[in-house]
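Residue-level structural notes
If you want the building blocks of each chain, they are given just below.
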Amino acid sequence: MSTLPRVAPLTRERIAREFDDRGPEVCRTEIALDLEANNPEILDMATRCARDVGEFTRVMTGFCMFYRLLTYEARAASAMSHAPGDTPKLSLLPRVSAQTRAQIVRRIDSLGSQGFTNEVIADLERFNPELLQMAHNFAEEQADYGGVMQGFALLYACLCAEGAQERGVLH
């Protein structure tokens, strides 16, 4: 089961409209700065993947939108779960560590990239279908559908694994 917030259909529409209204470059820059400050491992993975699959700017925009969907839902959930005056958690999504990233890379090595991607896509289908739909629709427009979906799978798996670790530490 995923430890990440479930993206609602209305959120997916809202964020798509935000990217259209404000412009992908503005949104991408803003999200990249947030990632640099709060989740540099995710930024590094997204950057490397976007370079690997080509069309860097366009693919990076998709990864930023994916992350924005999750942060939006996490912020909404955090606002609902805190009483007025409470101090909300600083980082809304898990901050992926180098150790978690290495753990996921080992998992990819053991399953193979296609097996790993299929496993994560099945998890997305069960626990976060709107997020999967966003990823699929975006990747479908790219020259390297499989490479882009592998990137989304990597980001999602790292965030889920880190969230599960954090949750385990708290309990």
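That block above? That's the structure.
Now for a description of the structure that goes with this document. (Residues numbered from 1 in each chain as written. Predicted model: local features only at pLDDT ≥ 70, side-chain atom pairs only at ≥ 80, totals over all residues. Heavy atoms only, no water.)

Topic: the environment of D52
Stated formally: Put simply, DSSP H or I for four residues or longer makes a helix, DSSP E for two residues or longer makes a strand, and each gets a number counted from the N terminus.
Among the secondary structure elements, D52 is positioned in helix α3 (residues 40-53). In sequence terms D52 and V148 are 96 residues apart; their C-alpha atoms lie 9.3 Å from each other.

Some remarks on the packing of aromatic side chains
Quick note on the threshold: Any pair of Phe, Tyr and Trp rings, taking the six-membered ring for Trp, is counted once the centres come within 6.5 Å. Such a pair is stacked with planes under 30 degrees apart, edge-to-face with planes over 60 apart, and tilted for the rest. Whether a residue is buried, partly exposed or exposed follows from its accessible area with a 1.4 Å probe, protein chains only, as a fraction of its type maximum: under 20%, in between, or over 50%, in that order.
For the coordinates displayed, the defined rule picks out three aromatic pairs. A ring pair is formed by F66 and F152, whose centres lie 4.8 Å apart and whose planes are at 35 degrees; its orientation type is tilted. Here F66, found in helix α4 (residues 56-81), pairs with F152, found in helix α8 (residues 145-170); they are 86 residues apart in sequence, far enough to count as distant. Across the pair, exposure class does not vary: F66 and F152 are buried alike. Centroid distance F138 to F152: 6.1 Å. Interplanar angle 85 degrees. Geometry classified as edge-to-face. Here F138, found in helix α7 (residues 129-140), pairs with F152, found in helix α8; they are 14 residues apart in sequence, far enough to count as distant. A residue is classified by how much of its surface remains accessible, and F152, at 1% relative accessible area, is buried.

A word on the nonpolar core
What counts here: By nonpolar core we mean a set of buried residues, namely Ala, Val, Leu, Ile, Met, Phe, Trp, Tyr and Cys, connected to one another through side-chain atoms within 4.5 Å. What makes two residues a contact is simply this: any of their non-hydrogen atoms within 4.5 Å.
Residues I42, F63, F66 and F152 are the most contacted members of the largest nonpolar core, which totals 49 residues. Elements with a minimum of two residues in this core: α1 (9-22), α2 (24-38), α3, α4, α5 (98-111), α6 (113-127), α7 and α8. Broken down by element, the residue count for this core peaks at 12 residues, all from α8. Those residues in contact with F63 that sit more than four places away from it in its chain are A46, C49, A50, V148, G151, F152 and L155.

Details of the pattern of salt bridges
Keep this limit in mind: Any carboxyl oxygen of Asp or Glu within 4 Å of a side-chain nitrogen of Lys or Arg constitutes a salt bridge here.
As enumerated under the stated definition, the model contains 10 salt bridges in all. Across the pair E18 and R68 runs a salt bridge whose closest N-O atoms are separated by 3.0 Å. Of the two residues, E18 is situated in helix α1 and R68 in helix α4; the sequence distance between them amounts to 50 residues. Across the pair D44 and R48 runs a salt bridge whose closest N-O atoms are separated by 2.8 Å. In this pair, D44 and R48 both sit in helix α3, four residues apart, roughly one turn of the helix. Owing to a relative accessible area of 27%, D44 belongs among the partly exposed residues under this scheme.

Structural notes on the packing of α5 against α6
Heads up, the rule is: For helices, the fitted axis covers only the stretch in contact; all axes are lines through C-alpha atoms, and the angles between them, taken along N-to-C directions, range from 0 to 180 degrees. Each angle receives one of four descriptions, namely roughly parallel if under 35 degrees, roughly antiparallel if over 145, roughly perpendicular if within 65 to 115, and oblique otherwise. In this scheme, a crossing is called left-handed if the near helix is turned counterclockwise away from the far one by less than a right angle; it is called right-handed if the turn is clockwise. Residues were grouped as follows: Ala, Val, Leu, Ile, Met, Phe, Trp, Tyr, Cys and Pro as nonpolar; Asp, Glu, Lys and Arg as charged; and all remaining residues, including Gly, as polar.
One way to put it is that α5 packs onto α6 with a least axis distance of 6 Å and a crossing angle of 115 degrees. One way to sum up the angle between α5 and α6 is to call them roughly perpendicular. Where α5 crosses over α6, the handedness of that crossing is right-handed. Each of I104, R107, I108 and L111 in α5 lies in contact with α6, whose residues at this interface are S113, G115, F116, E119 and V120. Residue composition of the contact of α5 with α6, grouped by class: five nonpolar, two polar and two charged.

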